[in-house]
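Chain by chain, the residues run as shown.
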Amino acid sequence: MVSLPKDVTIKEVGPRDGLQNEKTLIDTDAKIDLINRLSESGLSYIELTSFVHPKWIPQLKDAVDVAKGIDRKDDVTYAALVPNLKGLGRAIDADVDEVSIFMSASETHNQKNINKSIDETYPVLREVVDGAKQEGKSVRGYISTVFGCPYEGRIDVNQVMSVCDNLFSMGIDELSIGDTIGVANPIQVHNVLSSMKERFDQDHLALHFHDTRGMALANTYVALEHGFRTFDGSLGGLGGCPYAKGASGNVATDDLVHMLTEMGIETGVRLDKLTDAGLAIEKHLDKSLPSKQMELARRM
């Protein structure tokens, strides 16, 4: 047996990455209630919303109201996705703790998602990073389609490395490595992470797995074997990607917490509180949350 981390950090992205892909519009009070419940679960990081233009993601048009309406806990970092300087201004007004920037390792996906080439995206994001740092905010980066793109297929690891280099050169504090369409397999994850560890400090890297093909927990285990200790999750498996047809939600935070706890790895997160939050938000959706833990909770 390899030595696994004794504890990990789970970063909850459901209120943003999860809800942005839901067709049923959720009212502001329900989003605030969801975040408040998540804040009581022991999570140390919650991504609240996104300050993109409402025409692109109508679900998150109430970003400022949500961010200002929650009951904040001192030991929780509240983050939000920010695409440009205009979005940064709204995020600063809403007093988020951390700013997240995003782009893709795939040229085609980047064009679909951001409407810019990769090279055109860098200066826009650098402005956001510089502006956020001037306001005393930490900055997280997301790189999408690391393990595969719905338009281009498998992405060369050297292209991934190039984008990572550029993002770290801007001064970001952490970079989340995304399997946006859930095509990664454990061998591929092993190979990619082996390469990334040679160039980057893994303490500044996180993993963002989607469960489209039921591989997210298996891929998480491989990352644990490599010593990675930060993972993104979405309550109940909420979400997907608006610009990646067929992509299902992130690995479910509750399933992730269950697996890690059973393995003796500390998360600091209470599964019962996550379940309560999941059951509450399900009442506002036109579907049941797909995680195994939520399926069990509905039976009880």
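Above this text you will find the structure in question.
Keep in mind the model is a prediction, meaning the values are calculated, not measured.

### Quick look at the pairing of strand β6 (residues 174-179)
Right, on to step 1. Taken across its six residues, β6 has six buried, putting it largely inside the fold.
Right, on to step 2. Of the two faces of β6, the one carrying Glu174, Ser176 and Gly178 and the one carrying Leu175, Ile177 and Asp179 are both buried.
Right, on to step 3. For strand β5 (residues 138-144) and β6, the ladder comprises four bridges, and the chain directions are parallel. Counterpart to isoleucine 143 in the pairing with β6 is isoleucine 177.
Right, on to step 4. Direction of pairing for β6 relative to strand β7 (residues 205-209): parallel, over a ladder of five bridges.

### Observations concerning the nonpolar core
Right, on to step 1. Among the nonpolar cores identified, the biggest contains 90 residues, and Phe51, Ile101, Ile143, Leu167, Ile177 and Met196 are the most heavily contacted of them.
Right, on to step 2. Considering every element that reaches this core, the biggest residue donor is helix α6 (residues 118-134), with six residues.
Right, on to step 3. Sequence-distant contacts of phenylalanine 51, defined by excluding residues within four places in its chain, comprise Ala63, Val64, Ala80, Leu81, Val82, Pro83, Gly87, Arg90, Ala91, Ala94 and Val96.

### Description of helix α8 (residues 186-199)
Right, on to step 1. Helix length check: α8, at 14 residues, gives a terminal C-alpha distance of 20 Å against a target of 20 Å (1.5 Å per residue), a fit within 8%.
Right, on to step 2. Inspection of α8 places Gln188, Val189, Val192, Leu193 and Met196 among the buried residues, and these make up the whole buried set. Considered in projection along α8, the buried side chains sweep an arc of 115 degrees and stay on one side of the axis. Opposite its buried face, α8 presents the exposed residues Ile187 and Glu198, each directed more than 90 degrees away.
Right, on to step 3. Against α7 (157-169), β6, β7 and α9 (216-225) lie the buried residues of α8.
Right, on to step 4. A side-chain oxygen of the first residue of α8 lies 3.0 Å from the backbone nitrogen of isoleucine 187; this N-cap is asparagine 185.

Cut-offs and rules
Residues numbered from 1 in each chain as written. Predicted model: local features only at pLDDT ≥ 70, side-chain atom pairs only at ≥ 80, totals over all residues. Heavy atoms only, no water. Buried < 20%, exposed > 50% of the residue type's maximum accessible area, 1.4 Å probe, protein only. Helix = DSSP H or I, 4+ residues; strand = E, 2+ residues; numbered from the N terminus. Pairing = 2+ DSSP bridges. Core = buried A, V, L, I, M, F, W, Y, C linked by side-chain atoms within 4.5 Å. Contact = heavy atoms within 4.5 Å. Expected span 1.5 Å × (residues − 1). Arc of directions from axis to C-beta. Polar contact = N/O pair within 3.5 Å; in protein donor to acceptor, adjacent residues only side chain to side chain.

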